[in-house]
Each structure stands twice: as C-alpha cells, then as structure tokens.
Amino acid sequence: MESASRRQYFLRLVTVFVLYLSAGKLGLSVPFTSGNVSPVWPASGVALASVLLWGYEIWPGVALAAFFVNFLSQIPAISSIGIALGNTSSALLGGYLVRRFISDKPSFERLRDVLGLIAFGAAIAPIVAASVGATTLLLTHIRAWSGFSSAWRIWWLGDAMGVLIVTPLFFTGRALTRSFNRVRMIESFVLLLSLLATCFAIFGGRLGPGMKDDVLAFLAFPFVIWAAIRFRAFGAGIATFVIAAISVWGTAQGNGPFIKHNPLHGAALLQLFIAVTAITGLVLGAVTTEREEAGEASDTKEKLLRALHQAQSSLQEAHAQLELRVRERTAELERAQEGLRALSGQLLTMQDEERRRIARELHDSAGQITVALGMNLTSILAETKNLTPKAGKACREASELVQQLSRELRTISHLLHPPLLDEAGLPPALTWLVDGFAQRSKISVKLDLAPDLGRFSPEVETAIFRVIQECLTNILRHSESRAASIRIARDVDEIKVEVRDQGKGMPSGSNGSGGRRRMGVGIQGMRERITQLGGRFDIRSGKNGTTVLASLPVPSATLQSARTTAQEAP
C-alpha cells in the first residue's frame, strides 16, 4: 500500500508538471507578452486546482514546472527561481484560503464557492506571485512592460484571469455529464457554433468583420448567459475559455476592439473583458444551480409532505378500524362478562337453594330419624333391669351419641341455611353465628351492629351472612388470629361490612388489589356475591392482619319500611 501510494503521488506530480508547463507555454506564447509577464496566465489556474484537488504536498510539481517554463525562455536562472517561488507560494496561499474559509472540496456550483474563488483565489493569492515575480524581474534588470507598476498590474490580472478561467473546469465537469442527454448535446453543439461565430465576428479580422468598437465585444455575453443557465458552471467555464482564447488570439493578431489603444491599455481592457465575462458566467451558473437545487428540494419536500399526509390518512384509517375492532371486542367482552356474571349469579342462587334443601332434609328427615332413634333408646333404657350391665352401658352411650348427633345435625342445618335469617333477620342470625363460632373455635369475636340496621331484601341479607361466614372460616383455617371483629354500619342508601383479624395476613397476590390468580374459591365467591348486587368488595392484608371490606346499596329507611309493611300486609 505504501508503494502504491508513492506511485500515485509520483503520477500526480508528473500530471501537474505537464499541465502547468503546457499552460505556461501557452500563456507565454501570447505575442504581446513582455518579460515573461502574460496578460492571461492559465498556469495559475492549473496550480490552484492542483492544490485544491490533491493538497499542499503537490507543491514540488508546481515549483518545478514554474521554474522550467521560465528557464526554457530567455531569462536568467535566478529569475526563473524567483518567479517559481512566487507562483508556488501564490497557489499554496490561494488553496489555503479557499479551504480555510470556503470548503475543503469546493464544487464551484454554489455561489459561496464562486465568491470565495474570486476573492481568495483570483484577487488575494495572485498578489504574492505578482509581487515576488515583478520584484525578481526588477532586481535581475529584466524590463517588463513599461515598468514595475505596469508589470505588477498585468501579472496580477493575468494570474487572476487564469484562475477564473481554468480552475472551475477541474471541478464542474463531472456534475454536468451526469445530466447530459441527446437534446443537450445538440443544444451544446449549437451554442458552441454560435459562440465561435460571434467571437470570430468580433476578433477574427479576415475571418470576420473585425469590429473595432469596445462595446461590441460584449456581444458574446448572451452566449455566456445561455451557457450558464443551461449548462451551469461548466458551460460558463467553457464559454469563458473559448471567448478568452479567441479574444487573446484576435488581439495578438491585431484584430478586435482592443487594438486601437496602446499595448498596455489594450491588455488592461482585454483582461477586464475576460474578467467580467468569467465572473458573470460563474456567478450566474452557481445561482442557477442553487435555484434548481432549491426547486428540486421544494419538489422533494412537497412529495414528502404528500407522502406524509397519505401515511397520516392511512394511519388514521387504521386507527379508526382498530378503535372499531376494540369497541367490538370490548362489547363482546362485556357481553361475555355479563353472561359469566349472570351464570355466576345463577350458580350462587342454585348453591343457596341447594343449601336450603340440604338443611331442610337434615332438619326434617335426618332430624326426625335421630329423634325416633333417641326415643327407642330411651325405651330400651327403661328396661335396664332386664339388661346386662354391659348392654345397659352401651345403650346409655348410644343415647348420648344420638343426642350429640342430633345437635350436630341441627348445627349443620342452621349453618347451611339458618332459619333465623328468614324469620328474624340479619342481626339475630349473625349473633347466633358468632356465638357458635366463638364456642367451637375458642376465638374471641366482637360483633358491632348498627342499632337501626333493620331488614333488607333476602338477597342482601343472605350475601352479608355468607360473606361473614366465609371470613370467619378463613380466620379459623388460615390467619392463626386469636381475636376478630365484625362491624356492620348503615348509611342512608348503603350498608357497610368490615371483618378484621389480627393474624399473619394473606400471601402476596392473593388479595383483592394485588391480583386474582391466587385467590381461593371462597374469596371469589364473596366478591361475586357482592358484585352481583351492585356493591364493592376489597381486601387489605398486611403484617398486622387482614381486613375485608364490603358495601352494598340498599333502599332508604323510609322506602324499606314501606316495603316491609307492604310485605307483612295480608
């Protein structure tokens, strides 16, 4: 890779040397050149373009070419060295200023690049070459033009013309070839023929009328404008190059509008004509390119906006469809939940009816059987004198077991469906439930009932009774609490139930707020009973115990009393 890099660097040096030497010879071939000071110096454009393209390390090629192009002419070697030093320094300075203040890779298709080339490359940088070169000629006693000041001015303008004419051609051709087509080839051919015909008409002498008026030189301007508008900076550069070449050739041959003055004045007019032509073409080409790019950017922006609007419309349509599907799915889910809730309500109702039936069977059938069995055992015990002591003991034990069985059956029957709940209402049924639970479990239970609790619908009373019954069962089985409290309060249109224990709490995720995945059947049954009646159910559990909260809507006291009276009326 290092060898390839060196070979590439060497090839660049050779290329720069050849191009600069050729351009320098071309500049020195102008007949009215004085002391190697040419009114048009295309080699300065080659040098600046080389520095901008390949960097400052290309300076040896520029320096050698600048030396040999002057050494091969009729000036001393010391003068050639001074001129080479000035020309090389001028190219390096121009390249630095353009890179520093404009761009590392200028395209000269933007107005900023063109103005930078005019200011730094054509106006400032040639001052170095003109100053060093004119001073060298003065010190080596080579008389150029009419003196130092005229030589300096011609040198400076000649280098500036070379920069304006040649440098853009190295950067603008690639962009033009990408958009070239058959129609543009024909147009460019017509433009070139028209421009050649006009230039020869102005500066051609025998080949044309040879116009002598200075103003008529600007007849070539429309073609520069045409080239700049249609072919951008490259077209303007080619048109300027053609005009400069023919105008310099015609003036050197003694033709054209710039020969009626003395040589110094004519050279100055020629340089100004070429400068105005080059600057106009480059500026107009850059402005046209920027306007076209702005138009393309505007078109692209409009296309993007249209695409964005279409995408937004599609997104809104998709969003509307999604919302419709969500509403449909939500409605389906609500219907499914309503059906599930209705089924759950039916199951709870069937469960209560089944408990009532089982309680009735236990109370009527099994209870009557145990009563009959107790009566028979009592009759047998009346004849203990006819029994052996062992048989008498067995009969007494059997009678006690039958009595215990009768009590257990009565308790189970009442727990399945307490008659007090239907006959006396919720407070007596709860008192009986709590007293029995405390006796069986040895857990202290505090029951706090509102004094104006009154009667409610059978569904509400059954739901509250079953919730408290399930809570007491859970306290006995899981909480390990030795005390519990039950509080029932009533507002105007709501009854509130609170069951609290002092146990170890519920596992995470099994309460009402943390999730339902680990909830037991009892908790879900309580929740479903309360929800079926339009109430709210919540469980709060922690290290200090568990609290079950339930609230149910109930009619006002006046309305409830009226309903109770209506139900008791014959």
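Remember, it's a predicted structure, so these values are computed and weren't measured experimentally.

## Here we look at the overall build of the protein
1) Next: Within the protein, the regular secondary structure consists of 16 helices and 5 strands.
2) Next: Surface summary for the protein: the accessible area is close to 31,100 Å², and the carbon and sulfur share equals 60%.

## Describing the packing of aromatic side chains
Given two aromatic rings, one states the distance between the centres and the angle between the planes to describe the pair.
1) Next: The tally for this structure, following the rule as stated, stands at 13 aromatic pairs.
2) Next: Note on Phe-203 and Phe-258: the rings are 6.1 Å apart at their centroids and 35 degrees apart in plane angle, and the pair reads as tilted. A residue pair is termed long-range when its members are at least 10 positions apart, and Phe-203 in helix 8 (residues 182-203) and Phe-258 in the loop between helix 9 (221-252) and helix 10 (263-381) qualify at 55 residues.
3) Next: Judged by relative accessible area, Phe-258 falls into the buried class, the value being 5%.

## Quick word on a negative patch on the surface
1) Next: A cluster of like negative charges, contributed by Glu-290, Glu-293, Glu-296, Asp-299 and Glu-302, occupies part of the molecular surface.
2) Next: Examined against the element boundaries, Glu-293 turns out to sit in helix 10.

## Structural notes on the nonpolar core
1) Next: Formed by 78 residues in total, the largest nonpolar core has its most connected members in Tyr-20, Met-161, Leu-195 and Ile-274.
2) Next: With 10 residues, helix 9 is the largest single contributor of residues to this core.
3) Next: Not counting residues up to four positions away in its chain, the partners in contact with Ile-274 are Val-40, Met-161, Ile-165, Thr-240, Ala-244, Ser-247 and Val-248.
4) Next: Grouped together as the second largest cluster of nonpolar side chains are 35 residues, Leu-430, Val-445, Ile-539 and Ala-550 included.

## What to know about the sheet that holds strand 5 (residues 545-553)
Pairing between the strands of a sheet comes from backbone hydrogen bonds, and it takes one of two forms, parallel or antiparallel.
1) Next: Here 5 strands make up an open sheet; going across it, the order is 1-2-3-5-4 and the pairing mixed. The sheet is open, and its two edges are formed by strand 1 (444-449) and strand 4 (536-542), each paired on a single side. Averaged over neighbouring strand pairs, the angle between their axes works out to 10 degrees when direction is ignored.
2) Next: Bridge count between strand 1 and strand 2 (residues 483-490): 6 bridges; the pairing is parallel. Paired with Asp-448 across the two strands is Arg-487, which belongs to strand 2.
3) Next: Contacts from helix 13 (residues 426-441) reach strand 1 and strand 2, with the element oriented near 170 degrees to strand 1.
4) Next: Sheet contacts for helix 14 (residues 458-479): strand 1, strand 2, strand 3 (494-501) and strand 5; angle to strand 3, the most-contacted strand, approximately 10 degrees.

## Notes on the pattern of salt bridges
1) Next: Using the criterion set out here, one finds 10 salt bridges in the structure.
2) Next: A salt bridge links Arg-110 to Asp-113; its shortest N-O distance comes to 3.1 Å.

## Examining helix 14
1) Next: Compared with an ideal rise of 1.5 Å per residue, which puts 22 residues at 32 Å, helix 14 spans 30 Å between its outermost C-alpha atoms and is within 8% of the ideal.
2) Next: Glu-480, located one to two residues past helix 14, shows a positive phi value of around 60 degrees.

## Some words on a nonpolar patch on the surface
1) Next: Together, Phe-10, Leu-11, Val-14 and Val-18 line one region of the surface with nonpolar side chains, adding up to about 360 Å² of accessible area.
2) Next: With respect to the element layout, Phe-10 can be found in helix 1 (residues 2-28).
3) Next: Residue classification places Phe-10 among the exposed residues on the basis of a relative accessible area of 52%.

## Comments concerning the pairing of strand 4
1) Next: Across 7 bridges, strand 4 lies against strand 5 in antiparallel orientation. Bridge pairing in strand 5 links Phe-537 to Ala-550.

## Concerning the packing of helix 4 (residues 77-101) against helix 5 (residues 111-139)
1) Next: Look at helix 4 against helix 5: their axes get within 8 Å of each other, and the N-to-C directions meet at 160 degrees. Classified by the angle between their axes, helix 4 and helix 5 sit roughly antiparallel to one another. Handedness of the helix 4/helix 5 crossing: right-handed.
2) Next: Class assignment for the residues of the contact of helix 4 with helix 5 results in 14 nonpolar, 11 polar and 1 charged.

## What about helix 9?
1) Next: Under the 1.5 Å per step criterion, the end-to-end length of helix 9 is only 21 Å for 32 residues, more than 12% shorter than the ideal 46 Å.
2) Next: Among the residues trailing helix 9, Gly-254 stands out with phi positive, at a value near 85 degrees.

## So, the packing of helix 5 against helix 6 (residues 148-166)
1) Next: Running from amino to carboxyl end, helix 5 crosses helix 6 at an angle of 140 degrees, the nearest separation of the two axes being 8 Å. Judged by the inter-axis angle, helix 5 sits oblique to helix 6. The handedness of the crossing between helix 5 and helix 6 is right-handed.
2) Next: Split into classes, the residues belonging to the contact of helix 5 with helix 6 amount to 18 nonpolar, 4 polar and 1 charged.

## Here we look at the side chain of Thr-198
1) Next: Of note, Thr-198 is situated in helix 8.
2) Next: Not counting residues up to four positions away in its chain, the partners in contact with Thr-198 are Leu-219, Ala-220 and Phe-223.

## Things to note about unusual backbone geometry
Excluding glycine, most residues fall at negative phi; most peptide bonds, likewise, are trans.
1) Next: We note that His-141 has phi near 60 degrees; this positive angle belongs to a residue other than glycine.
2) Next: Tracing the backbone through its elements, the reader meets His-141 in the loop between helix 5 and helix 6.

## Remarks on the environment of Asp-159
1) Next: Structurally, Asp-159 can be placed in helix 6.
2) Next: On the accessibility criterion, Asp-159 (3% relative accessible area) is buried.
3) Next: In this structure the C-alpha to C-alpha distance between Asp-159 and Ser-44, which are 115 residues apart in sequence, comes to 5.5 Å.

## Description of the side chain of Glu-461
1) Next: The topology assignment puts Glu-461 in helix 14.
2) Next: Side-chain polar atoms of Glu-461 contact the backbone nitrogen of Phe-456, separated by 3.1 Å.
3) Next: Apart from the residues lying within four places of it in its own chain, the contact partners of Glu-461 are Leu-421, Gly-425, Leu-426, Arg-455 and Phe-456.

## Section: the confidence of the model for the protein
1) Next: In this model, the protein carries an average pLDDT of 83, and 86% of its residues clear a pLDDT of 70 or more.
2) Next: Note on residues 512-518: pLDDT under 50 across the span, and 11 contacts to partners over four residues away in sequence or across chains.
3) Next: Note on residues 557-563: pLDDT under 50 across the span, and 8 contacts to partners over four residues away in sequence or across chains.

## Some points on the environment of Arg-230
1) Next: Its location among the elements puts Arg-230 in helix 9.
2) Next: Look at Arg-230 and you get partly exposed, because its relative accessible area is 32%.
3) Next: For the pair Arg-230 and Glu-187, spaced 43 residues apart in the sequence, the C-alpha separation amounts to 9.0 Å.
4) Next: Residues in contact with Arg-230, not counting those within four places in the same chain, are Arg-184 and Glu-187.

Cut-off values and rules
- Residues numbered from 1 in each chain as written.
- Predicted model: local features only at pLDDT ≥ 70, side-chain atom pairs only at ≥ 80, totals over all residues.
- Heavy atoms only, no water.
- Helix = DSSP H or I, 4+ residues; strand = E, 2+ residues; numbered from the N terminus.
- Areas by Shrake-Rupley, 256 points an atom, 1.4 Å probe, with all protein chains shown as cover.
- Phe/Tyr/Trp six-rings, centres within 6.5 Å; stacked < 30°, edge-to-face > 60°.
- Buried < 20%, exposed > 50% of the residue type's maximum accessible area, 1.4 Å probe, protein only.
- Patch = residues over 30% accessible without salt bridge, like charges linked within 9 Å, V, L, I, M, F, W, Y side chains within 5 Å.
- Salt bridge = Lys/Arg side-chain N within 4 Å of Asp/Glu carboxyl O.
- Lys, Arg positive; Asp, Glu negative; His and termini not counted.
- Charge placed at Lys NZ, Arg CZ, Asp CG, Glu CD.
- Core = buried A, V, L, I, M, F, W, Y, C linked by side-chain atoms within 4.5 Å.
- Contact = heavy atoms within 4.5 Å.
- Pairing = 2+ DSSP bridges.
- Axes fitted to C-alpha atoms, helices over the stretch in contact; angles between N-to-C directions.
- Expected span 1.5 Å × (residues − 1).
- Parallel < 35°, antiparallel > 145°, perpendicular 65-115°, else oblique.
- Left-handed = near helix turned anticlockwise from the far one by under 90°.
- Nonpolar A, V, L, I, M, F, W, Y, C, P; charged D, E, K, R; others polar.
- Polar contact = N/O pair within 3.5 Å; in protein donor to acceptor, adjacent residues only side chain to side chain.
- pLDDT = per-residue confidence, 0-100.

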